[in-house]
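# Coordinates in review
These are the residues of each chain, in order.
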Amino acid sequence: MNPYANTIITTSLIMGPLLTISSNHWILAWTGLEISTLAVIPLIAKQHHPRAIEAAIKYFLTQATASTLILFSSIINAWTLGQWSITQMSNNISCTILTTALAIKLGLAPFHFWLPEVLQGTTTTTALILTTWQKLAPLSLLMMTAQSMNTPLMLTLGLTSTIIGGWSGLNQTQLRKIMAFSSIAHLGWMITILTLSPKLTLLTFYTYIAMTSTMFLMIKLLETNKISVMMTSWTKLPTLNTMMMLTLMSLAGLPPLTGFMPKWLIIQELTKQHMLIIATMMALLSLLSLFFYLRISYYTTITLPPNSTNYLQQWRHKINQKHHLALMTTLSISLLPITPTLLTAI
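Residues numbered from 1 in each chain as written. Predicted model: local features only at pLDDT ≥ 70, side-chain atom pairs only at ≥ 80, totals over all residues. Heavy atoms only, no water.

As a further point, take the nonpolar core. Ranked by internal contacts, the top residues of the largest apolar core, which has 47 residues, are Ile44, Tyr59 and Met244. Per-element accounting of this core gives the leading share, 7 residues, to helix H10 (residues 198–222). Structurally, this core is a two-domain feature, drawing no fewer than three residues from each of domain 1 (1–114) and domain 2 (150–345). Contact partners of Ile44, with chain neighbours within four places excluded, come to Ala52, Ala55, Ala56, Tyr59, Val118, Gly121, Thr122, Thr126 and Leu130. Formed by 27 residues, the second largest nonpolar core is a distinct cluster that contains Leu108, Leu141, Ala146 and Ile191. (Core = buried A, V, L, I, M, F, W, Y, C linked by side-chain atoms within 4.5 Å. Buried < 20%, exposed > 50% of the residue type's maximum accessible area, 1.4 Å probe, protein only. Helix = DSSP H or I, 4+ residues; strand = E, 2+ residues; numbered from the N terminus. Domains from an automatic or database assignment. Contact = heavy atoms within 4.5 Å.)

With that out of the way, let us pick up the domain arrangement of the protein. Along its sequence, the protein is carved into domain 1 (1–114) and domain 2 (150–345). Taking the mean C-alpha position of each, domain 1 and domain 2 sit 26 Å from one another. The interface is formed by 9 residues belonging to domain 1 together with 11 residues belonging to domain 2. In total, domain 1 and domain 2 occlude about 800 Å² of area from one another, counting both sides; carbon and sulfur atoms represent 82% of this. Taken together, domain 1 and domain 2 are joined by 0 salt bridges. Linking domain 1 to domain 2 there are 1 residue pair in polar contact (both at pLDDT 80 or more). Considering only residue class, the side of domain 1 that touches domain 2 consists of 6 nonpolar, 3 polar and no charged. (Buried area = accessible area lost by both parts, 1.4 Å probe. Salt bridge = Lys/Arg side-chain N within 4 Å of Asp/Glu carboxyl O. Polar contact = N/O pair within 3.5 Å; in protein donor to acceptor, adjacent residues only side chain to side chain. Nonpolar A, V, L, I, M, F, W, Y, C, P; charged D, E, K, R; others polar.)

Another point: helix H2 (residues 26–45). Along its 20 residues, H2 runs 29 Å from first to last C-alpha, staying within 8% of the 28 Å computed at 1.5 Å per residue. Within H2 the residues assigned to the buried category are Trp26, Ala29, Gly32, Leu33, Ser36, Thr37, Ala39, Val40, Ile41, Leu43, Ile44 and Ala45. Against the buried residues of H2 lie helix H1 (3–22), helix H3 (50–81), helix H4 (92–106), helix H5 (114–120), helix H6 (124–131) and helix H7 (136–144). (Expected span 1.5 Å × (residues − 1).)

Across all of its chains, the model carries 2 cavities of 30 Å³ or more by this definition. Roughly 90 Å³ of internal volume is contained in the largest cavity. Contributing to the lining of the largest cavity are Leu33, Ser36, Thr37, Tyr59, Gln63, Lys105, Trp114, Leu130, Gln134, Lys135, Ala137 and Pro138. Taken together, the elements giving at least two residues each to the lining of the largest cavity come down to H2, H3 and H7. The element contributing the most residues to the lining of the largest cavity is H2, with 3 residues. In terms of residue class, the lining of the largest cavity is made up of 6 nonpolar, 4 polar and 2 charged. The calculated volume of the second largest cavity comes to roughly 30 Å³. Every residue along the wall of the second largest cavity is listed here: Thr162, Ala185, His186, Trp189, Lys263, Ser286 and Ser289. Elements with a minimum of two residues in the lining of the second largest cavity: helix H9 (175–194) and helix H13 (276–302). Top element by residues in the lining of the second largest cavity is H9. It accounts for 3 residues. (1 Å grid on protein atoms, 1.4 Å probe; cavity = no way out; pocket = protein on both sides within 12 Å on 5 of 7 lines; lining within 4 Å. Points joined across faces, edges and corners; volume = space filled by probe spheres on them.)

With that out of the way, let us pick up the pattern of salt bridges. Evaluation of the coordinates by the stated rule reveals 3 salt bridges. Between Glu54 and Lys58 there is a salt bridge, with its nearest N and O atoms 2.8 Å apart. Separated by 4 residues within a single helix, Glu54 and Lys58 lie in helix H3, roughly one turn from each other. A relative accessible area of 40% places Glu54 in the partly exposed class. For Lys58, a relative accessible area of 28% corresponds to the partly exposed category. Between Glu117 and Lys177 there is a salt bridge; the shortest N-O distance is 3.4 Å. With Glu117 in helix H5 and Lys177 in helix H9, this residue pair connects regions lying 60 residues apart in the sequence. Looking at Glu117, the relative accessible area reads 31%, which means it is partly exposed. According to the relative accessible area criterion, Lys177 is buried, its value standing at 17%. The network of salt bridges with shared partners includes Glu54, Lys58, Glu117 and Lys177.

Here we take up the packing of helix H11 (residues 238–252) against H13. Look at H11 against H13: their axes get within 9 Å of each other, and the N-to-C directions meet at 175°. As judged from the angle between their axes, H11 and H13 are roughly antiparallel. Across the interface between the two elements, Asn241, Met244, Met245, Leu248, Met249, Leu251 and Ala252 of H11 pack against Leu290, Tyr293, Leu294, Ile296, Ser297, Thr300 and Thr301 of H13. The residue inventory of the contact of H11 with H13, partitioned by class, reads 10 nonpolar, 4 polar and no charged. (Axes fitted to C-alpha atoms, helices over the stretch in contact; angles between N-to-C directions. Parallel < 35°, antiparallel > 145°, perpendicular 65-115°, else oblique.)

When the UniProt feature table is mapped onto this chain numbering, "domain: NADH:quinone oxidoreductase/Mrp antiporter transmembrane" (unreviewed entry) sits at residues 23–288. Secondary structure content for residues 23–288 is 73% helix and 0% strand, while the C-alpha to C-alpha distance between its ends is 38 Å. (UniProt positions renumbered as here; feature names shortened; annotations may be inferred.)

So this is what it looks like as structure tokens:
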């Protein structure tokens with residue numbers, strides 16, 4: 001890619017979400033979302049492959065639809081109240097349209113269909129950006145308008161996302177699609193607790209970013225895209241394979257790893273709000289995600305040659321030390337003991 005174009009895209013990618021987060025006016029927030037969307041499209045399409053072009057078109061159409069709905073929602077609200085402040089959303093129709101638009105932006109079920117397909121058509125690095133950094137702006141808008149949102153609607157979206165994210169990931173063989181459904185399931189947890197405790201949504205999002213980033217960086221380092229190829233990845237970096245298994249278990253929410261912390265706190269908060277049925281359903285639905293994380297772990301660390309599938313044995317090669325990966329892995333598996341400190345800091 002041209003260095004000048006690369007600089008413009010990178011700057012826009014950074015500045016778009018930051019503009020949305022720091023704004024209090026709907027037009028500025030909408031502008032930030034548009035800048036962010038337009039910066040990502042060249043990153044998706046730069047492979048010049050039919051699948052990449054298809055992914056870029058799908059991403060553009062869904063994000064353009066969501067942006068249109070956000071603008072429509074803010075105009076209705078401004079027409080009713082006479083002001084453009086993000087935090088002053090009191091019109092019910094406007095709030096419902098905004099919730100739908102942001103659900104499309106985030107890839108929440110039942111508006112999730114674009115996310116797995118787009119991730120499958122991109123590189124691992126672009127998939128990492130789409131599942132972490134690109135979620136920041138829509139989620140910040142949801143948090144700023146949380147007091148105006150309809151709690152039953154948010155609980156419905158959260159439960160649906162957790163069900164779809166867990167169920168649809170069961171029969172996947174492509175790692176990027178599995179991570180897409182993992183993202184949908186985690187967003188379900190965040191949206192479920194959003195109107196009840198925004199602080200827990202923020203904590204869940206931070207831990208989700210740490211764990212998902214670690215997983216994508218490991219996939220990129222191992223140069224694997226399918227579960228079947230994970231069988232021989234132990235020949236490259238045996239230690240990294242072990243760390244990958246721990247990161248996957250953390251994503252699943254098993255104690256005593258980092259991923260257990262947000263799920264434990266969310267179930268505790270739901271119980272305090274006397275939502276025992278929803279808390280029980282969320283805990284049971286997390287078992288669906290646990291299954292496909294265990295499936296990847298099994299292929300990565302337990303299934304060793306000889307096996308029924310014939311793949312070329314890969315040489316163990318010396319690679320550059322990735323210090324940032326070591327830090328990310330530590331964050332993604334060992335933050336549980338400092339939970340009280342994290343809750344105080346947020």
